[in-house]
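A closer look at the structure
One letter stands for each residue in the lines below.
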Amino acid sequence: MGLFDDDFYSTKVSRRRERKVSKRPMPRRWSKPFRGRSLSTMQVSAICSLISAVVAVLLFSLVTGQLSHPSGAAPAFIQNITPSSGDPYERIIKAAATVRPAVVSIINHKEEETKDTLDESALGSGVIYRKTGNKAFIITNNHVISGAGKLEIVTVDGETRKAELVGADKVSDIAVLSIDAGGINTVAQLGDSSKLQLGETVIAIGNPLGLGDTLTSGIVSYTNRSIPVSLNQDGVYDWEQEVIQTDAAINEGNSGGALVDLNGRVIGINTMKISDTGVEGLGFAIPANHVIKIAEELSLKGKIARSYLGVYSVDLNNPYVPLAEDQRKALKLPSSVKEGVVVLDAVGPAKEAGLKLNDVITKFNGQTIDSTLSLRKYLYNETKIGDPLTITFYRHGVEQEVTVTLKEKPGE
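Rules used throughout
- Residues numbered from 1 in each chain as written.
- Predicted model: local features only at pLDDT ≥ 70, side-chain atom pairs only at ≥ 80, totals over all residues.
- Heavy atoms only, no water.
- Helix = DSSP H or I, 4+ residues; strand = E, 2+ residues; numbered from the N terminus.
- Contact = heavy atoms within 4.5 Å.
- Areas by Shrake-Rupley, 256 points an atom, 1.4 Å probe, with all protein chains shown as cover.
- Salt bridge = Lys/Arg side-chain N within 4 Å of Asp/Glu carboxyl O.
- Phe/Tyr/Trp six-rings, centres within 6.5 Å; stacked < 30°, edge-to-face > 60°.
- Buried < 20%, exposed > 50% of the residue type's maximum accessible area, 1.4 Å probe, protein only.
- Lys NZ or Arg CZ within 6 Å of the ring centre and 35° of its normal.
- Pairing = 2+ DSSP bridges.
- Axes fitted to C-alpha atoms, helices over the stretch in contact; angles between N-to-C directions.
- Patch = residues over 30% accessible without salt bridge, like charges linked within 9 Å, V, L, I, M, F, W, Y side chains within 5 Å.

Once that is clear, we can look at the overall build of the protein. When its secondary structure is counted, the protein shows eight helices and 20 strands. Across the protein, the fraction of contacts at a sequence separation of at least 24, relative to all contacts at a separation of at least 6, is 61%. Carbon and sulfur atoms provide 52% of the accessible area of the protein, an area that totals close to 25,700 Å².

Pasting the structure below:
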């Protein structure tokens, strides 16, 4: 029995049902005879010949594409045809053939492995996006290489190579690896993900469940979806990932692989899917325009430099972990203050500026801060290292302001 006790209906009628129907008395229906002037044999032959000639001309014109239309007019069904249009199946084959050699499988031999434990290797995918000198560079997901002791890649030809970690970023979930470029002849071209359209056909290429060089297809279900994520995997959403939503089949091991358009360009890096009972076709990819910016900075610096305030916090109005009534009373907040961020600990710049336990932050530079998510998004998106930041906060029910100089976020 299905989860929702679905009923399935068939258009077929069983033989037993047919027998019952056949025994029902049929009502008599009397038709009136049609009376009119009959046509002669010669007239019938002439009409049939004329109809046959018209049908033959139409069929010939449709087959050869020579059916004419009034000047400036076009059939309704081809009004939206573009120069890139064509047989979608043929284009899928060509696009896949273009990108496949640049997609690799990634084996992450976990650093906690010992001689007394089983091999706990994790599998993922990656895309060769650049080749410089004797090095080829691969984009993948940070969670694919997290905790790595040794990294290996497997090419589409089955060759295994050692890979080195160039840089990784937990916030964007992007990592860059490097391998020896010898024998690497194909580099994927990244497309413009800002030009994606709803319903556009896309291909996912990767290593699902260890089945390397696997191809699935689907459409772009949504071009710019915001998905809440927990960076610390503690169940509290503290970041939002901007992603492309697709119904192309994405499974464990597809992470880090390519989402490709029909022009053979990588327009996203597959990163996650929603896996739950009754959920199908909800996969997500990081847009290529965002990926390339992160990948280039990782290649140059090995990390992403972001502003750092130094507060550990909890949301004042968190529906998942609400503050107890006695905790709220201890804050002594005015009744008008409904949202903000409660400081649990202050280090670095925040400590230097004098922020303390139970201070409630409500604004940055005059802009409302109502959650840890909005706090982090403001720091990462609106500020740079070294910028002054004016913080509005409440302490013992009294509104105060302090200015802090932001520093670079230390490595994790």
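Looking now at the pattern of salt bridges. Taken as a whole and assessed by the stated rule, the structure comprises ten salt bridges. Of the charged contacts, one joins Arg 100 and Asp 213 as a salt bridge, the two residues approaching to 2.7 Å between their closest N and O atoms. One end of the pair, Arg 100, is in the loop between α3 (88-99) and β1 (103-110); the other, Asp 213, is in the loop between β7 (201-206) and β8 (214-229), with 113 residues separating them in the sequence. For Glu 296, the salt bridge goes to Arg 130, with nearest N and O atoms at 3.8 Å. Here Glu 296 is found in helix α5 (residues 288-301), whereas its partner Arg 130 is found in strand β2 (residues 122-132), with 166 residues between them in sequence.

To continue, consider the packing of aromatic side chains. Within the structure shown, the criterion is met by two aromatic pairs. Ring centres 5.5 Å apart and planes at 55° place the aromatic pair Trp 239 and Tyr 380 in the tilted group. With Trp 239 in strand β9 (residues 239-246) and Tyr 380 in helix α8 (residues 372-382), this pair connects stretches of sequence that are 141 residues apart. For Trp 239, a relative accessible area of 9% puts it in the buried group. Lying over the aromatic face of Phe 137, Arg 130 brings its terminal NZ or CZ to 4.3 Å of the ring centre. Here the basic side chain of Arg 306 rests over the ring of Tyr 380, its NZ or CZ set 5.3 Å away from the ring centre.

A word on the pairing of β2. The pairing of β1 with β2 spans six bridges and is antiparallel. Bridge pairing in β2 places Val 103 opposite Val 127. One ladder, built from five bridges, connects β2 with strand β3 (residues 135-140); its direction is antiparallel. Opposite Arg 130, over in β3, you have Phe 137 as the bridge partner. In this structure, the hairpin formed by β2 and β3 is closed by a connection of two residues, where Gly 133 is found at a positive phi of approximately 60°.

This part is about the sheet that holds β9. Taken together, six strands build a closed barrel; the order of strands is β7-β8-β9-β12-β11-β10 and the barrel is antiparallel. Here the average twist between neighbouring strands, direction ignored, is 50°. On top of the sheet, α3 reaches β7, β8, β10 (258-261) and β11 (266-273); it is set at about 35° to β7, its chief contact.

The next subject is a nonpolar patch on the surface. Together, Tyr 237, Tyr 320 and Val 321 make up an exposed nonpolar region whose accessible area comes to about 360 Å². Counting through the fold element by element, Tyr 237 comes out in the loop between β8 and β9.

Looking at where Arg 306 falls in the secondary structure, it is placed in the loop between α5 and β13 (307-308). The contact partners of Arg 306, leaving out residues within four places of it in the chain, are Asp 169, Val 171, Ser 172, Ile 294, Tyr 380, Ile 385, Lys 407, Glu 408 and Lys 409.

Phi is positive for Lys 332, close to 55°, though the residue is something other than glycine. Mapped onto the elements of the fold, Lys 332 is located in the loop between α6 (325-331) and β15 (341-346).

Here the focus is the side chain of Ser 371. Structurally, the position occupied by Ser 371 is in the loop between β17 (367-368) and α8. Among the residues examined, Ser 371 registers a relative accessible area of 14% and is labelled buried. Sequence-distant contacts of Ser 371, that is, excluding residues within four places in its chain, are made with Asp 315 and Val 341.

This part is about the sheet that holds strand β5 (residues 160-169). The strands making up a sheet associate through backbone hydrogen bonding, with each pair oriented either parallel or antiparallel. Ordered in space as β1-β2-β3-β6-β5-β4, the six strands form a closed barrel in which the pairing is antiparallel. Shown here is a sheet whose adjacent strand axes are inclined to one another by a mean of 40°, direction ignored. In the packing of α5 onto the sheet, contacts are made with β2, β3, β5 and β6 (174-180), and the angle to β6 comes to roughly 55°.

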